[in-house]
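Geometric and topological summary
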Amino acid sequence: MKTIDQKSALARVIQSITAWQNDVPETIDRLAEAAIEAISSDPRTVERQVEKVAFDVLTSTDRFAGAGIVSIHPTVTARARSLMWWVAQPAAGRSEPIPLDADLTELGTYQSGLEEIEWYRVPAATRQGHMTGPFVDYMCTDQFAFTFTAPVEISGELYGVAGIDMTVRSLENEIETLLEALSDNAILLANHNLVAISLDPRFATGSRLKPRDLETYSIIEVPGAALSIAVPH
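Positions within a chain are numbered from 1, following the residues in the order the chain's sequence is written. In view of the model being predicted, local features appear only for residues whose pLDDT reaches at least 70, and side-chain atom pairs are presented and counted only at 80 or more, with totals across whole chains, interfaces and linings using the full set of residues. To obtain the side-chain values, all non-hydrogen atoms of the structure were used and water was disregarded.

1. Structural notes on the layout of surface pockets
- Note on definitions: the grid is 1 Å and covers protein atoms alone; a cavity is a set of points where a 1.4 Å probe fits but cannot get out; a pocket is an open set with protein on both sides within 12 Å along at least five of seven lines; lining residues have an atom within 4 Å of a point. Grid points are joined across faces, edges and corners, and a volume is the space filled by probe spheres set on the points. Approximately 280 Å³ is the volume found for the second largest pocket.
- Three categories are distinguished: nonpolar for Ala, Val, Leu, Ile, Met, Phe, Trp, Tyr, Cys and Pro, charged for Asp, Glu, Lys and Arg, and polar for the others, with Gly belonging to the last. Here the residues of the lining of the second largest pocket are counted per class, giving 8 nonpolar, 5 polar and 1 charged.

2. Some remarks on the sheet that holds strand E1 (residues 66-70)
- With respect to topology, 6 strands assemble into an open sheet ordered E3-E2-E1-E6-E5-E4, the strand pairing being antiparallel. Where the open sheet ends on each side, the last strands, each with one partner, are strand E3 (98-99) and strand E4 (130-136).
- Strands E4, strand E5 (144-154) and strand E6 (157-167) of the sheet are contacted by helix H7 (residues 168-182), whose axis makes an angle of about 50° with E6. Strands are treated as partners if at least two bridges between them are detected by DSSP. Helix and strand labels come from DSSP, where a helix needs a run of H or I of at least four residues and a strand needs a run of E of at least two; each type is numbered from the N terminus. By definition, residues are in contact when any of their heavy atoms lie within 4.5 Å. Only the stretch in contact is used when fitting a helix axis, every axis being a line fitted to C-alpha atoms; angles between N-to-C directions are given from 0 to 180 degrees.

3. A few points about a negative patch on the surface
- Candidates for patches are residues over 30% relative accessible area with no salt bridge; among them, like charges are joined within 9 Å and nonpolar side chains (Val, Leu, Ile, Met, Phe, Trp, Tyr) within 5 Å. For accessible areas, the Shrake-Rupley method is used with a probe of radius 1.4 Å. Any residue's cover is judged against the shown protein chains and nothing else. One side-chain nitrogen of Lys or Arg within 4 Å of one carboxyl oxygen of Asp or Glu is enough to make a salt bridge. Note on charges: Lys and Arg go in the positive column, Asp and Glu in the negative column, and His and the chain ends are not counted at all. A charge is said to be at NZ when it belongs to Lys, at CZ for Arg, at CG for Asp and at CD for Glu. There is a patch of like negative charges on the surface, built from Asp23, Glu26, Asp29, Glu33 and Glu37.
- Here Glu26 shows up in helix H2 (residues 24-41).
- Each residue's exposure class comes from its accessible area (1.4 Å probe, protein chains only) as a fraction of the maximum for that residue type: buried when under 20%, exposed when over 50%, partly exposed otherwise. Classification of Glu26 as exposed rests on a relative accessible area of 55%.

4. A few points about H2
- In a regular helix each residue adds 1.5 Å, so 18 residues correspond to 26 Å; H2 covers 26 Å between its end C-alpha atoms and thus fits that length.
- Of the positions making up H2, those classed as buried are Val24, Thr27, Ile28, Leu31, Ala32, Ala34, Ala35, Ala38 and Ile39. Down the axis of H2, the sector holding all buried residues measures 150°, keeping them to one side. Across H2 from its buried face, at more than 90 degrees, point the exposed residues Glu26, Glu33, Glu37, Ser40 and Ser41. Multiplying one less than the number of residues by 1.5 Å gives the expected span of a helix. Along the arc lie the directions from the helix axis toward the C-beta atoms.

5. Considering the pairing of E5
- Across the 11 residues of E5, 9 count as buried, placing the element largely inside the fold.
- Pairing of E4 with E5 involves 5 bridges; the strand directions are antiparallel. If you follow Thr132 over to E5, its bridge partner there is Thr147.
- As defined by bridge partners, E5 adjoins E6 across 10 bridges and the pair is classed as antiparallel. Of the residues in E6, the one forming a bridge with Thr149 is Gly163.
- Hairpin connection of E5 to E6: 2 residues between the antiparallel strands, including Ser155 at a positive phi of 55°.

Shown next as C-alpha cells:
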C-alpha cells in the first residue's frame, strides 16, 4: 500500500507531466488549421502559412523543439516542400527557428517510404493523434525526443500530418526530482514498455522493458498521455 507521502509524490509527477504536454493538442490543431485553410483556398501559400504558426509556436515557448507539417499529397507537394518543418536552435544562439532541409537529413534518403515512419504511419492509419518515442531524433534535435502528430484532413481525405517535437530532456528537467521522491528506481515509460526516463541504472532511455521486468513494478497510467510511471513493488 502506498504511503501518504508516496501518493502525494505520485500526484505531483502526474500533474507535472500533464502540464508539460498540456499545449500539445491545441498547438497541433493550429498547425493543421493553417495548412487546411491554405490548401482549401490557395495551395501555393501553404508553406508560408504553416511557417507563420511554426515560428510563433517555437519562439513563444522553449518546450517545443520542432513544429510543422509533413505531406506526400500531390496537391501539396506540387507547390511546397513535403517536409514543412522548423527547428528551434537555442543551443546555437539563434533567435529564430530554422527550416529543416530534407536533403540534409535522413528524410532525404527515405522520403519515398514516408508512409512507413511511425509518426506518419500511425496517425494516417488511425486518423487520431499519436506520440512516437522516445527515439534519437537525428533529423531535428540530435537528442532523445517525442514526436506528437495528428492527421491533416479535408472532407475525410488525408493531406498529411501536423506535429511538434519535444525533447526528453525538457520533461526530465520537470519531473526528475519528483520521481526521486517517489522511488530511487522509478521509471517513466512511453507506450507501455519503452523507457523514457529511468532512475534505475539497469535501464537506459530508449530501451524496452521485458514482461518479466514489468512484473516487478507497479504501473500507473498518466491520464490523457501515452506515458506511465513504473514504481518497484
